[in-house]
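Notes for the structure review
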Protein chains: 4
Amino acid sequence: MKNTFGSAVSMTIFGESHGPAVGAVLDGLAAGLPVDTAQIAAAMDRRRARGDGLSTSRTEPDEVEILSGLLDGHTTGTPLTFVIRNTNTRSGDYAKTAALLRPGHADYTAFAKYEGFQDARGGGHFSGRITAASVAAGSVCRQVLAGLGIRVYTHIARCAGIDDAPLDYNNLPPEAAPGHFALADPAKEIPMQEAIRAAGAEGDSVGGILETVVTGIPAGVGEPFFDSVESELAHLMFSIPAVKGVEFGAGFAFAGLRGSTANDAFRMEGDRVVTATNRNGGVNGGITNGMPVVFRTVVKPTPSIYKQQDTVDYMAKQNAELTIHGRHDPCIVPRAAVVQDTLTALGILDLWTVRYGTAAQKHGLPQSGR
Amino acid sequence: MKNTFGSAVSMTIFGESHGPAVGAVLDGLAAGLPVDTAQIAAAMDRRRARGDGLSTSRTEPDEVEILSGLLDGHTTGTPLTFVIRNTNTRSGDYAKTAALLRPGHADYTAFAKYEGFQDARGGGHFSGRITAASVAAGSVCRQVLAGLGIRVYTHIARCAGIDDAPLDYNNLPPEAAPGHFALADPAKEIPMQEAIRAAGAEGDSVGGILETVVTGIPAGVGEPFFDSVESELAHLMFSIPAVKGVEFGAGFAFAGLRGSTANDAFRMEGDRVVTATNRNGGVNGGITNGMPVVFRTVVKPTPSIYKQQDTVDYMAKQNAELTIHGRHDPCIVPRAAVVQDTLTALGILDLWTVRYGTAAQKHGLPQSGR
Amino acid sequence: MKNTFGSAVSMTIFGESHGPAVGAVLDGLAAGLPVDTAQIAAAMDRRRARGDGLSTSRTEPDEVEILSGLLDGHTTGTPLTFVIRNTNTRSGDYAKTAALLRPGHADYTAFAKYEGFQDARGGGHFSGRITAASVAAGSVCRQVLAGLGIRVYTHIARCAGIDDAPLDYNNLPPEAAPGHFALADPAKEIPMQEAIRAAGAEGDSVGGILETVVTGIPAGVGEPFFDSVESELAHLMFSIPAVKGVEFGAGFAFAGLRGSTANDAFRMEGDRVVTATNRNGGVNGGITNGMPVVFRTVVKPTPSIYKQQDTVDYMAKQNAELTIHGRHDPCIVPRAAVVQDTLTALGILDLWTVRYGTAAQKHGLPQSGR
Amino acid sequence: MKNTFGSAVSMTIFGESHGPAVGAVLDGLAAGLPVDTAQIAAAMDRRRARGDGLSTSRTEPDEVEILSGLLDGHTTGTPLTFVIRNTNTRSGDYAKTAALLRPGHADYTAFAKYEGFQDARGGGHFSGRITAASVAAGSVCRQVLAGLGIRVYTHIARCAGIDDAPLDYNNLPPEAAPGHFALADPAKEIPMQEAIRAAGAEGDSVGGILETVVTGIPAGVGEPFFDSVESELAHLMFSIPAVKGVEFGAGFAFAGLRGSTANDAFRMEGDRVVTATNRNGGVNGGITNGMPVVFRTVVKPTPSIYKQQDTVDYMAKQNAELTIHGRHDPCIVPRAAVVQDTLTALGILDLWTVRYGTAAQKHGLPQSGR
């Protein structure tokens, strides 16, 4: 389905970096769910570039227009459409070097797939810009989940070589204040920013690791064989430009563990089954077990760097050298946190709805045993 | 879609470990493609347990019956259906301890989702047994890809703490001989087997890492935003029981790299654009760039171990201790290699067909510029 | 998705007329739903040929083997797989005339699409035989709907030029006894049978009209814009070989009505909104209005007739004449009734589940306002 | 998928009659296809109300803004987004009578489904207004098909009791001039218009029949079992508000034919297989046979009439009488023709692309035998 994802709740995404707009259509929400546009704006603000040496100097207001599906502050039950105009485009930056393929970017693959007809300005459909639309739509999913007692939270687990403190999954931090990094330990913000600026000052870029936690989700959500919780979330995470790995719970560390350590023992906590550890990241057999769902992604260093690089001239079909101008982030990890948050919310709400139905989004779970 | 995956080429999977059969329906193949049933049998053999201290003593012939879609050795263009009977089931092993939730397994989540009506015998739908069906169907996809010049190869990159040698992507090894591990360096087989047997002798289990390489795939395959090569393959890989992480190219190591190192410089190689390194694993912007597609998965240690474990009695709703009997693998990594191979083949063939169409599976790419 | 249909509840169908088997995989049912295999057998019996001059002399026991998803008489929540072996095949009847395209059949289009690799024996994937699988799977959907108070009923509205009496939607007849036609007025059975036999005696065939009614469905089911009740059901009905038209409520007669007559006035019936007439067939704006859903299909005359027909020899690429042998129905309308019944059940259960969720299939609607 | 339809080429639709805009996202086109915006505007003009006693006095310029996917007059290969602002809304007309359910409309079913949160103004998501978006997107599909030699043409076969002349499928008329009805016999326009105005003058409305023909489509397109040509097109046609029936070829008349008449004899025409008649409407076994695809829909009389009607007050839960004001069409058949045209183009292009691939949309069929 290319630019549409989801079974019961789906998102269709569109737009190019330097075209008129980016946007998204969100389908599958019940009618009558309250939507707080201030929370959408806050999510957009978390993704916003600030031109502060940490992110690109292409700063845009990112005002979200809702074209459909909302009336008097509530969903109407029909598709919600979000449009964000592109206002601060300087395509001239790109025209000069269009045939010089930027290493690490989709320039070459776009040529191969779209045969020269792609909108190459600013990365076109491959720009991180397109994630603005997913943030707008996904932040509504996050609000719906909040109404069902489910919270999605993402922090910067590692960035530019600096580790955040481990999260206490039972006691998640509040949302970061506007303009601040999402961290378990706010004291890590300054060192991370300094490391990012140091890389940027060298014309280079850095990557990192984002960790997401979903709390409050009931046991029994997920649709194996193919639509396991891991499959659904990984599918969405790998849609985010620059994400190159996803791991759940202990993740790649499982390769060094023995089963006797890797297994999470079950225990009763009152009437409720819990696990003593959570190395499986809240998912067994592709289905939630009621513990926090925990996963991490790796975000590669921004490919747009200012250092001179070897490349080819696609039109001349010969080797060349490239020095990128334009405006770019030395690190997109902090801005990507809210993208991960909101796409996770889409995935979780989709699987929840497959099990409990659209109508239950508004009415909640029945009392009895579901 | 739960048990069906794929856009242009799709697989529907069914069955339980101790039910009558497991199977799969493969849809979306062109008519007239040759199918070599000996290759299907060879793939099944690679997945087969051997009762040799490395894998479970539940050994089955795994004969694949093809119920539809094949005539005179060629596809008919309608769905291919594969059925593998379950012949060696000893459900008594499970009945004794059905309410004692096995840590690391889907026992509890199946209770939560299916409310006690799940087929719990032998792990039911969550057993690795169900992957036998995907191997049969996926091995046909692998044959179709071979006819298009595309090869899928998976080796055991790490198992039980032992690393294989790095693969030379330009010179992949041949398929492992029957009964042998898929390794770049065959000398690693004995040490791996000894380490697995040592863990098994302690009643414990081990995990590992599988690395898959796809060569010969043209540039331009993959459907961003949502159906990137990474999204499609990760979705499939996370369907494999025990896979808890997927990374492409440099993967999680990207977190420690700078952009100037992470980027793969483009170079001309005759008329062809190549990359000097392949840290992005053959994928830029979600689309193949013509270099080998490279990814790794982590396979957790088999949760079925013979050591006593803390758990709960789900019926009595109280803490309990569990000692598992039955027949289990101390390590499923070697057997999982062919599962990863064949599901990768499904994913790649699906994306290839979205771009070039069903008819081209038989007729190949046109001469001109596609 | 070719051979898979449905959003929340889906069916995948496979098989060829003279291959080993036909079958279907039904996914999306909740766990714990009772399945009465005697009702499946009764549905198969309704579709069965009887070799009595009304239907083909290819009579088969049509025993349904359930390969997965059922345990102790209840669904397990994982896919149900139904396999029906082909036992009475006489492919020799077809081999003689394989290149002589049978008018009205899929012979030529199968050549065009499958390039000669189709399984042409007995019509292959295009045979009415494949509907046996949909009857088995759909009859389980019909049972699930019955548990939710929803009944699906199909009668032969017209066959071989004979009209049945109009149905009283508020007082539907019971199921026809085994071997009998589904009719509002049982006295029409003998005249219909005589008219069919008369056509058959001339080596010719006849068609008819099937009318389906769904009662007990709550208002609010259906997913416009694209997944209206009409769209979903028509999609399924047009999958049935020989169905060439579908109309809801007054259907094509709407072309001769004025709005003042076509509109169904709303009235209160106690606390419930009803319509005074039901010309819209229980659907307004693509969504059920709580009145019986009513639609009709037209089933064309069986294309296999014994009269000599003009055709072409596809291999010789020249005009030819064809006299069909083999065993064929002079009329498939009576046997198609249960196919329509059961595919309707799939469609209705799918849309119901999109709204209320998988879990509600077992637990029913909540008390409150959904 | 609710508001998204299509496998290889898909459309997502959104918007409400009196919300900010209606729109559509079209995905799955190859890059580099020329798009003539004048043809889009012409299609919008064919759907436009003219306030001439034949259609509603709500006349809007219907300017189409393309937000993405188009650059320098060619597709970029990423989603095309079409937005049409709602400019001429007079919601006051509706507020007065919101609780009085309009017979024949979706007012009640929207209440039942959306629980009072629907956007009821002007029919909201159920208004014919939303089809403006599908016309914009579908007219691009029609252009793409034209580039492949495939033409889609719809005429008014019957309206307000007046029949058009039969179409000569081998010699289709040109497109109707702006403001004129699509007719085989232009002399029928005045009588139809008079009959429509006569009904409107009485405060009543009329319906009719639209016939669509697709020429130039190769044999072999269509994906049985479930995605037959008939299933795909009927699914789309029943999405159009007011369509209550769809029939292919002889359609419901098949009920009165014998097989010997219903079958279309095959004949050679040079090297090409053709049929002597076309009672099956160009489709055998769900697959195109190379003859013109022919189908008809019935469009019910506009439910909005000015005569007093019995209804209920949904809030007061009591019987009531309703006299509708506002601006409505006495007949939507002429305006619906282009909706049917363009949704047909979507369906045909989707099935064509499933078979031949996205890339072939630009490069065409290969020389050889596909």
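Residues numbered from 1 in each chain as written. Chains lettered and ligands numbered in written order. Predicted model: local features only at pLDDT ≥ 70, side-chain atom pairs only at ≥ 80, totals over all residues. Heavy atoms only, no water.

The name given to chain A in an unreviewed UniProt entry is Chorismate synthase, with Gemmiger gallinarum as the source organism. Among the UniProt annotations of chain A, the heading Catalytic activity (unreviewed entry) holds the following wording: "5-O-(1-carboxyvinyl)-3-phosphoshikimate = chorismate + phosphate". Per UniProt, chain A has the following entry under Subunit (unreviewed entry): "Homotetramer." (UniProt positions renumbered as here; feature names shortened; annotations may be inferred.)

Our next topic: the overall build of chain A. Assigned secondary structure in chain A consists of nine helices and 18 strands. By the compact-globule yardstick of 21 Å for 370 residues, chain A fits well, its C-alpha radius of gyration being 21 Å. By its C-alpha atoms, chain A is 70 × 50 × 40 Å across when sized along the principal axes. Taking the contacts inside chain A whose residues are at least 6 apart along the sequence as the reference set, 71% of them involve residues at least 24 apart. As displayed, chain A has an accessible area near 10900 Å², and 51% of this comes from carbon and sulfur atoms. Placing the 32 positive and 38 negative side-chain charges of chain A at their respective mean positions leaves the two points 1 Å apart. (Helix = DSSP H or I, 4+ residues; strand = E, 2+ residues; numbered from the N terminus. Rg over C-alpha atoms; globule rule 2.2 N^0.38 Å. Contact = heavy atoms within 4.5 Å. Areas by Shrake-Rupley, 256 points an atom, 1.4 Å probe, with all protein chains shown as cover. Lys, Arg positive; Asp, Glu negative; His and termini not counted. Charge placed at Lys NZ, Arg CZ, Asp CG, Glu CD.)

Attention now moves to the interface of chain B and chain A. Counting residues at the interface gives 101 residues for chain B, matched by 101 residues for chain A. Approximately 8400 Å² of surface area, both sides summed, lies buried where chain B meets chain A, with 60% of it carried by carbon and sulfur atoms. Seen at the junction of chain B and chain A, the total is eight salt bridges. A salt bridge links A:Lys113 to B:Glu223; the shortest N-O distance between them is 2.8 Å. (Buried area = accessible area lost by both parts, 1.4 Å probe. Salt bridge = Lys/Arg side-chain N within 4 Å of Asp/Glu carboxyl O.)

To continue, consider the sheet that holds strand S4 (residues 64-68) of chain A. All names here are of chain A. If you walk across this open sheet you meet the five strands as S1-S2-S3-S7-S4, and the pairing is antiparallel. Two strands in the sheet have a free side with no partner beyond their single neighbour: strand S1 (4-5) and S4. Its contacts with the sheet place helix H1 (residues 37-47) against S4 and strand S7 (80-85), and it is angled at close to 135° to S4. (Pairing = 2+ DSSP bridges. Axes fitted to C-alpha atoms, helices over the stretch in contact; angles between N-to-C directions.)

Moving on: the packing of helix H6 (residues 229-237) of chain D against helix H8 (residues 333-356) of chain D. All names here are of chain D. At their nearest, the axes of H6 and H8 sit 9 Å apart, and the two run at 145° to each other. Helix-helix and strand crossings are classified by hand; for H6 and H8 the assignment is right-handed. Between H6, through Val229, Glu232, Leu233, Leu236 and Met237, and H8, the contact on the second element is made entirely by Gln340, Leu343, Thr344, Leu346, Gly347, Ile348, Asp350 and Leu351. For the contact of H6 with H8, the class distribution of residues is eight nonpolar, three polar and two charged. (Left-handed = near helix turned anticlockwise from the far one by under 90°. Nonpolar A, V, L, I, M, F, W, Y, C, P; charged D, E, K, R; others polar.)

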